[in-house]
Amino acid sequence: MRKTPLYSPSARAGPAPVAPSADDGVQQTRSPAGVGATASRRSRIGAVARDPRGLWLAWLVLAGQLGMVWWWQAAHPPRVLTQKDIDAAVLRTLTTQSLPSRAARAAEKIRPSVVRVIAYVKDGKGRDVEHGIGTGVVIQDQGVVLTNLHVVHSAQSLRLVFADGSESEASVTAAQPQHDLAVLQAHKVPDDLRAATLRTTAGLLPGDEVVVVGFPFGIGPSTSAGVVSGLGRSFKSPEGQQEIDNLIQFDAAANPGNSGGPLATMDGEVVGVVTGILNPTRARTFLGIGFAVPIESAAAAAGLPPF
């Protein structure tokens, strides 16, 4: 006699298991509820496919959204900048950021063309001894330098120190005593040597701003700023034998060592070569009156074509 199988009671309540019929021979594994849900989904998909109204509704919703985007863009076009907006932005930048002064920009432009000129003499043992320091300005990138004649006239040898720190021996190739000018040629020229931009003094007026760049008392390169005080001045230094005419008077600070350096405009263009200062005392320091040879005379000393 066949025994009836015994089952442990289940903790989860649910419908009683359905016993397979004798005719099937296969145990059923899918619940009736799962079969019903799948059939329901298939029924809905089939209904949508058979009825195009759902599709049309989706297309209408999408078209409405696109229309709203177009309307928003048409109602709020991008703002066009006006000159007033640009002026306001520039003013805001100028008031919130610190910009370099005109003198600083001019000095930055001319500084690569300024050189230290060192004069040497021999001592009793035949050694080179520093005799004096002046300034020079490069006027041709082949190593042609302008300076004062009084800086180099008693030197037995000369050395130039360029803006990049490189050094070179130099020789005097031309002189113009009536304007206290000398032209030097460097024996070794830096690859990136920059010549200064020369500018005629034809439009120069008293009150125009100028800068002086050089090595006062050997310190530098140093920059001072001031204005043109006058034109067509005459000056005779205490050590000089003759008076120099047609000079530019300026009030930018200059001292011994500035001699031969550039007097430049606020555009960084050279209009003169510093040649002396007026001081009736023995101090030989700046009292507010300096003189420079106009660049026209300086260029002529170097054999450059006139402006």
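A quick note: this is a predicted structure, and the numbers were derived from the prediction, not measured.

Rules and cut-offs
- Residues numbered from 1 in each chain as written.
- Predicted model: local features only at pLDDT ≥ 70, side-chain atom pairs only at ≥ 80, totals over all residues.
- Heavy atoms only, no water.
- Pairing = 2+ DSSP bridges.
- Helix = DSSP H or I, 4+ residues; strand = E, 2+ residues; numbered from the N terminus.
- Axes fitted to C-alpha atoms, helices over the stretch in contact; angles between N-to-C directions.
- Buried < 20%, exposed > 50% of the residue type's maximum accessible area, 1.4 Å probe, protein only.
- Phe/Tyr/Trp six-rings, centres within 6.5 Å; stacked < 30°, edge-to-face > 60°.
- Salt bridge = Lys/Arg side-chain N within 4 Å of Asp/Glu carboxyl O.

1. Comments concerning the sheet that holds strand β8 (residues 222-235)
Here is step 1: Strand order in this closed barrel of six strands is β7-β8-β9-β12-β11-β10, and the pairing throughout is antiparallel. The average undirected angle you get between the axes of adjacent strands in this sheet is 45°.
Here is step 2: Note: strand β7 (residues 209-214) against β8, six bridges, orientation antiparallel. Note on β8: the bridge partner recorded for Val210 is Gly226.

2. Re the pairing of strand β10 (residues 262-265)
Here is step 1: In β10, alternate side chains face the same way, and those of Pro262 and Ala264 on one face and Leu263 and Thr265 on the other are all buried.
Here is step 2: Of the pairings in the sheet, the one linking β7 to β10 comprises three bridges and is antiparallel in character. Its bridge partner lying in β10, Val211 is registered against Ala264.
Here is step 3: In terms of strand pairing, β10 meets strand β11 (residues 270-277) through three bridges, oriented antiparallel. Within β11, the position partnered with Pro262 by the bridge is Val273.
Here is step 4: Following β10, the chain reverses through four residues before pairing antiparallel with β11; Gly268 in that reversal takes a positive phi of roughly 75°.

3. A word on the packing of aromatic side chains
Here is step 1: On inspection of all chains with the given rule, the structure shows one aromatic pair.
Here is step 2: Relative to Phe291, the ring of Phe235 has its centre 4.8 Å away and its plane inclined at 25°; by these criteria the two rings are stacked. Of this pair, Phe235 sits in strand β8 while Phe291 sits in strand β12 (residues 290-294), and the two are 56 residues apart along the sequence. Each of the two residues, Phe235 as well as Phe291, counts as buried.

4. Notes on the sheet that holds strand β3 (residues 144-148)
Here is step 1: With antiparallel pairing, six strands are arranged side by side around a closed barrel as β1-β2-β3-β6-β5-β4. Recorded for the sheet is a direction-independent mean angle of 40° between the axes of neighbouring strands.
Here is step 2: As paired strands, strand β1 (residues 114-122) and strand β4 (residues 157-161) are joined by five bridges and run antiparallel to one another. In the sheet register, Val117 faces β4, and the bridge partner there is Leu160.

5. Considerations on the pattern of salt bridges
Here is step 1: If you walk through the whole model with that rule in mind, you get seven salt bridges.
Here is step 2: As a salt-bridge pair, Lys122 and Asp128 come within 2.9 Å of each other at their nearest N and O atoms.
Here is step 3: Under the relative-accessibility criterion, Lys122 is labelled partly exposed at 45%.
Here is step 4: The salt bridge partner of Arg199 is Asp267, with a shortest N-O separation of 3.5 Å. Placement of Arg199 in the loop between β6 (181-186) and β7 and of Asp267 in the loop between β10 and β11 is noted, with a sequence separation of 68 residues between them.
Here is step 5: Among the charged side chains, a salt-bridge network with shared partners connects Arg199, Asp267 and Glu269.

Such coordinate-based values are descriptive only and should not be taken to indicate function.
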